[in-house]
Amino acid sequence: MLFEEHAKIRNMKTGRTHTRRKKEKRESAQKPLRYTYSFVVPRSDFLLEFLLRKLNGMSRNSVKSLLSSRKILVNGRPVTQFDYPLAKDDEIKIAKGPVRDLPPLSASTGKKPGKERFKQRIIYEDEVLIAMDKPAGMLSVESDTDRDSAYYRLAEYMKARDARSRPYILHRIDKETSGVLVFAKDIKMHSMLRMHWNEDISLREYYAIVKGTFTKKEGTMTAWLKENENHKVYVSKNRSGKKSVTNYEVVAENKEYSLLRVTIDTGRKNQIRVVMAAHGHPVVGDEKYGDGSNPIGRLGLHASALAFMNPSTREKVMIKAAVPKIFWNYFSKEGKCGGA
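As the structure is a computational prediction, the values presented were derived from the model and not from experiment.

Chemist: Before we go on, may I ask you to explain the pattern of salt bridges in this structure?
Modeler: Pairs can form between side chains of opposite charge whenever their charged atoms are close. A full pass over the atoms with the stated rule returns 19 salt bridges. Close ionic contact of Arg-172 with Glu-91 constitutes a salt bridge, the shortest N to O distance being 3.3 Å. Of this pair, Arg-172 sits in the loop between β9 (168–169) and β10 (178–184) while Glu-91 sits in strand β6 (residues 91–95), and the two are 81 residues apart along the sequence. A salt bridge links Asp-148 to Arg-153; the shortest N-O distance between them is 3.0 Å.

Chemist: Sorry if this is basic, but what is going on with helix α2 (residues 47–54) here?
Modeler: Every α-helix carries 3.6 residues per turn, so stepping three or four residues along brings you back to the same face. What α2 keeps buried is the set Leu-47, Leu-48, Phe-50, Leu-51 and Leu-52. Turning to α2, the residues buried within the fold contact β1 (35–40), β2 (45–46), α3 (60–68), β3 (72–74), β5 (85–86) and β6.

Chemist: What is the right way to look at the sheet that holds β1 in this model?
Modeler: Adjacent strands of a sheet pair through backbone hydrogen bonds, lying either parallel or antiparallel. Pairing is antiparallel across the open sheet formed by four strands, whose spatial order is β1-β6-β3-β4. The two strands at the open ends of the sheet, each matched to only one other strand, are β1 and β4 (77–78). Bridge count for β1 against β6 is five bridges, and the pairing is antiparallel. Looking at the pairing, Val-40 lines up with Glu-91 of β6.

Chemist: Quick question: what am I supposed to make of the pairing of strand β11 (residues 201–211) here?
Modeler: Consecutive residues of a regular strand have side chains that alternate between opposite faces of the sheet. Burial of β11 is extensive: nine of the 11 residues sit out of reach of the surface. Examined bridge by bridge, β11 and strand β16 (residues 301–309) share seven bridges and lie antiparallel to one another. Among the inter-strand pairings, Ile-201 is bridged to a residue of β16, identified as Phe-308. Judged from the seven bridges that link them, β11 and strand β15 (residues 257–264) form a sheet pairing that is antiparallel. Note that in β15 the partner of Glu-205 across the bridge is Thr-263.

Chemist: Got a minute to help me understand the nonpolar core in this structure?
Modeler: Side chains of a nonpolar character, in soluble globular proteins, are inclined to be buried together. Leu-47, Leu-51, Ile-92 and Val-262 are the most contacted members of the largest nonpolar core, which totals 56 residues. Dropping the residues within four chain positions of it, Val-262 is found in contact with Arg-204, Glu-205, Tyr-206, Ala-208, Thr-246, Asn-247, Tyr-248, Ile-272 and Met-276. Membership of the second largest hydrophobic core comes to 17 residues, among which are Tyr-168, Met-189, Leu-193 and Leu-306.

Chemist: Would you mind showing me how to read the confidence of the model for the protein here?
Modeler: Regions with low pLDDT should not have their predicted coordinates read in detail. Considering every residue of the protein, the mean pLDDT works out to 86; 83% of them sit at 70 or more. Element-level pLDDT for the protein is lowest in helix α1 (residues 2–30), with a mean of 51, against a maximum mean of 98 in β15. Counting contacts from residues 21–29, a segment whose pLDDT is below 50, to residues more than four positions away or on other chains yields seven contacts. Predicted confidence is poor over residues 335–340, with pLDDT under 50, and the contacts of this stretch with residues over four places away or in other chains come to 15 contacts.

Each value, and the rule that gives it
Residues numbered from 1 in each chain as written. Predicted model: local features only at pLDDT ≥ 70, side-chain atom pairs only at ≥ 80, totals over all residues. Heavy atoms only, no water. Salt bridge = Lys/Arg side-chain N within 4 Å of Asp/Glu carboxyl O. Helix = DSSP H or I, 4+ residues; strand = E, 2+ residues; numbered from the N terminus. Buried < 20%, exposed > 50% of the residue type's maximum accessible area, 1.4 Å probe, protein only. Contact = heavy atoms within 4.5 Å. Pairing = 2+ DSSP bridges. Core = buried A, V, L, I, M, F, W, Y, C linked by side-chain atoms within 4.5 Å. pLDDT = per-residue confidence, 0-100.

Given below as structure tokens:
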């Protein structure tokens, strides 16, 4: 009897220790990392050869040691593979200490397993392309303070099916914006698409909830955008910045807000948010350019469709992500919902 009590106590202590270690590991993975070096890849390459050129004077064995000790990150994910393929604009960082992976998708909790929930986010896939409906609040690619990202999760999803596969970044959307985010699965496809990405896109469609109503129910806003030293974009008065063209159509409205279908001819940083705010119609929930109004509890911006030409087949690729129900419900509750 005494032995059984001791065993029970020991098991309880072991369970608490295991839980504490899992928690510490999870928290450690989310801590902001410190880096010794940071690079942006200018063209296709392999990781070890790229590092040997950049870390001039460091021996091959020393660079391999950095890899094996999990100090090398590619787009926020620790990589140990020497011949890991790199693409243009990949971000390489060398951490001061070993970096753990984030908790795997299989560790997610809820009614459905994490992998299954993530799989439902995949809205398009073929042999060379894969796209997801990115949720609001998730980065496209990691930052110094937030390692969880669409890239990170998609890399894990692909690696589970093929250990040597990886996604290649084609474009990004803001953290608080939901919707279509496309990656290449093949480095050759990535190179071909990136070469003329902006020119080959035939449709960039968004839905936005903005403050106020419009006398003119559809129109085009042309503006020149610049960025200040704090990385905040603004409309230039003397047309000295980058030209942006934003087309809008009102599809629903109430006394205070409007739901717009927006297409942009140019893919400038924060374009819709900046231009709408400059015209007195800030996107709701926008902490950077908005006026504080937030009737739906999130940024009112969703990337609903992206269309472009597949450079290999010359066929049009159209990828759509359904507009969140909360966008429509907000206006239907007011009894003034229009059609898309």
